[in-house]
Amino acid sequence: MARKYEIDMTNGPIMGKLISFCIPLMLTNVLQLLFNAVDIIVVGKFAGSTALAAVGSTTALINTMINLFIGVSIGANVIAARFYASDMKKEMNDTVHTCISFAILCGILMLIMGVTLARPLLNLMDTPSDVIEQSILYMRIYFMGMPFFMVYNFAAAILRATGDTKHPLYYLIFSGAINALLNLYMVINLHLGVAGVAIATVTAQFISCVLVVRLLVITDGIYKLSFRKLRIKWRYLREVFKIGLPAGVQSAIINFSNALLQSSVNSFGSDAMAGYTAANNILGFLYVSVNSITQGCLTFTSQNYAVRKLKRMDRVLIDCLIIQCTLPLFLGIIFYVFGPNILGIYTKSDSVITFGMQILSVTTIPYLLCGIMDLFPGVLRGMGYSALPMLFSIIGTVGTRILWIYGLFPNHRTLTFLFISYPGSWIFTICMQLTCYFVVRNKTKKLFGL
């Protein structure tokens, strides 16, 4: 079962297979954001701007806490893709059981951290007093679903390694629809506010987790899961960590810089926070689009690296660059032109829409720079190099934003000026990542004896 959804990434035309891989992944991520947007829209429309700000104030903090572990799933994707391309059955099977076992442990750890640290961390971010209690409630309930969330992400990473991005899409459509219906019922009918949104999210995470685990159990592929074999084998976990841990650290630190930026946004009051929440959700659609291409590039590169096809790896990068330069530019123009109308879906407040447009005006059209910046670390990780792109991404994005927030922003206190730090950091990071890529490629060429 599920074999027809797998993709041969090491032979045949590339662009068509890339598109076949990336579109379901992109739709999965876009649908996930749409369902998250339903959370925000329902809260904003029926529970008020304070509840909307409460949900938004937790976004950067939640991402900072979970992305370290989600980054490790990138390592699972790379290592599983190599074993799958090389048809190494035992190694692939051991990797699957190690990754799922690790995901369960991570989920339990995140549950404990989220429940116990919600208040002190939100206080540290200067969350306003009229928002903080609802923010704490939302965050504590949200983290109750972390075991399901983590298992789903690692299982989906294993499926991506085989080229199967369609099953996660089908499962998300089902669980997301339930999430949306529960949102409406719990917020509008039961008047549970942020608690209702969080409960609906946890329920959807549980459903998607059960569905993807069931697929791994019933498949006849070399990635078949057996509960009695669940255990961590350190040999494989070390390999996963080698690729995934730097990616997770990078993501966590970048989101930490976003949390610092969130603190600066908080200083403008709850309307600005609500505007940032809505604008950030819109930018999320751009990010998942470019990140889907990066995930495709990473998986295709990893499989072809395993069978030493350097020229094919080059073609993969070129095709991904073509998509990465055109798609986000097209979407960015649409989001900028129709920004006020889209923001109006989230809120009725003119003030919130004004704050949201200040952010979108300097981030949407240049977003193709973020796509290019995101692509090169994906290629490098597909070739087994994760520490250097992590270092350069941290220096380029986090360093630039910290200097901007604490050095320049105090003298130019507008949201527009604050968010110019985004395209500025993207340009600086691209220059460093591009240099790193050419050094690693030359090293790989010598390694392959070419």
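Keep in mind it's a predicted model, so treat the numbers as computed, not measured.

Now for the overall build of the protein. In terms of regular secondary structure, the protein is built from 17 helices and zero strands. For a compact globule of 450 residues, the expected C-alpha radius of gyration is about 22 Å, and the protein comes in at 21 Å, within 12% of that figure. Based on the C-alpha atoms only, the size of the protein along its principal axes is roughly 60 × 45 × 35 Å. For the protein, long-range pairs separated by at least 24 residues make up 86% of all intrachain contacts whose partners lie at least 6 apart in sequence. For the protein, the accessible surface area stands at approximately 17,200 Å², while carbon and sulfur atoms represent 69% of it.

It is the contact of helix α4 (residues 89-124) with helix α6 (residues 146-161), at a shortest axis distance of 7 Å, that shows an interaxial angle of 155 degrees. In this view, α4 runs roughly antiparallel relative to α6, as classed from their interaxial angle. The handedness of the crossing between α4 and α6 is right-handed. Residues M92, V96, C99, I100, F102, A103, I104, C106, G107, I108, M110 and L111 of α4 lie in contact with α6, whose contacting residues are M146, P147, M150, V151, F154, A155 and I158. Split into classes, the residues belonging to the contact of α4 with α6 amount to 18 nonpolar, one polar and no charged.

Applying the stated rule across the entire model yields six salt bridges. With a shortest N-O distance of 3.0 Å, D87 and K89 are connected by a salt bridge. Residue D87 is classed as partly exposed on the basis of its relative accessible area, which comes to 44%. Linked through salt bridges whose partners overlap, the residues forming this network are K90, D94 and K233.

As a further point, take the confidence of the model for the protein. Averaged over every residue, the pLDDT of the protein is 86; residues scoring 70 or more account for 97%. Looking over the protein, one finds the lowest element-wise mean pLDDT in helix α2 (residues 49-57), namely 72, and the highest in helix α11 (residues 310-337), namely 92.

One pass over the structure, following the stated rule, counts 15 aromatic pairs. Aromatic side chains F102 and F154 sit 5.9 Å apart centroid to centroid with 75 degrees between the ring planes, which places their arrangement in the edge-to-face category. Of this pair, F102 sits in helix α4 while F154 sits in helix α6, and the two are 52 residues apart along the sequence. Of the two residues examined, F102 and F154, each falls in the buried class.

Scanning the entire structure with this criterion turns up zero disulfides. With no disulfide of its own, C106 has C99 as its nearest cysteine by sulfur position, at a separation of 10 Å. When its relative accessible area of 3% is taken as the criterion, C106 is described as buried. There is no disulfide at C436, and the cysteine sulfur nearest it, in C431, is 13 Å away. C436 sits in the buried class, given a relative accessible area of 4%.

I66, F143, M150 and F419 are the most contacted members of the largest nonpolar core, which totals 142 residues. The leading source of residues in this core is helix α10 (residues 270-306), at 17 residues. In contact with F419, other than residues within four places in its own chain, are L261, V265, Y276, I359, V362 and T363.

Calculation criteria
Residues numbered from 1 in each chain as written. Predicted model: local features only at pLDDT ≥ 70, side-chain atom pairs only at ≥ 80, totals over all residues. Heavy atoms only, no water. Helix = DSSP H or I, 4+ residues; strand = E, 2+ residues; numbered from the N terminus. Rg over C-alpha atoms; globule rule 2.2 N^0.38 Å. Contact = heavy atoms within 4.5 Å. Areas by Shrake-Rupley, 256 points an atom, 1.4 Å probe, with all protein chains shown as cover. Axes fitted to C-alpha atoms, helices over the stretch in contact; angles between N-to-C directions. Parallel < 35°, antiparallel > 145°, perpendicular 65-115°, else oblique. Left-handed = near helix turned anticlockwise from the far one by under 90°. Nonpolar A, V, L, I, M, F, W, Y, C, P; charged D, E, K, R; others polar. Salt bridge = Lys/Arg side-chain N within 4 Å of Asp/Glu carboxyl O. Buried < 20%, exposed > 50% of the residue type's maximum accessible area, 1.4 Å probe, protein only. pLDDT = per-residue confidence, 0-100. Phe/Tyr/Trp six-rings, centres within 6.5 Å; stacked < 30°, edge-to-face > 60°. Disulfide = S-S within 2.5 Å. Core = buried A, V, L, I, M, F, W, Y, C linked by side-chain atoms within 4.5 Å.

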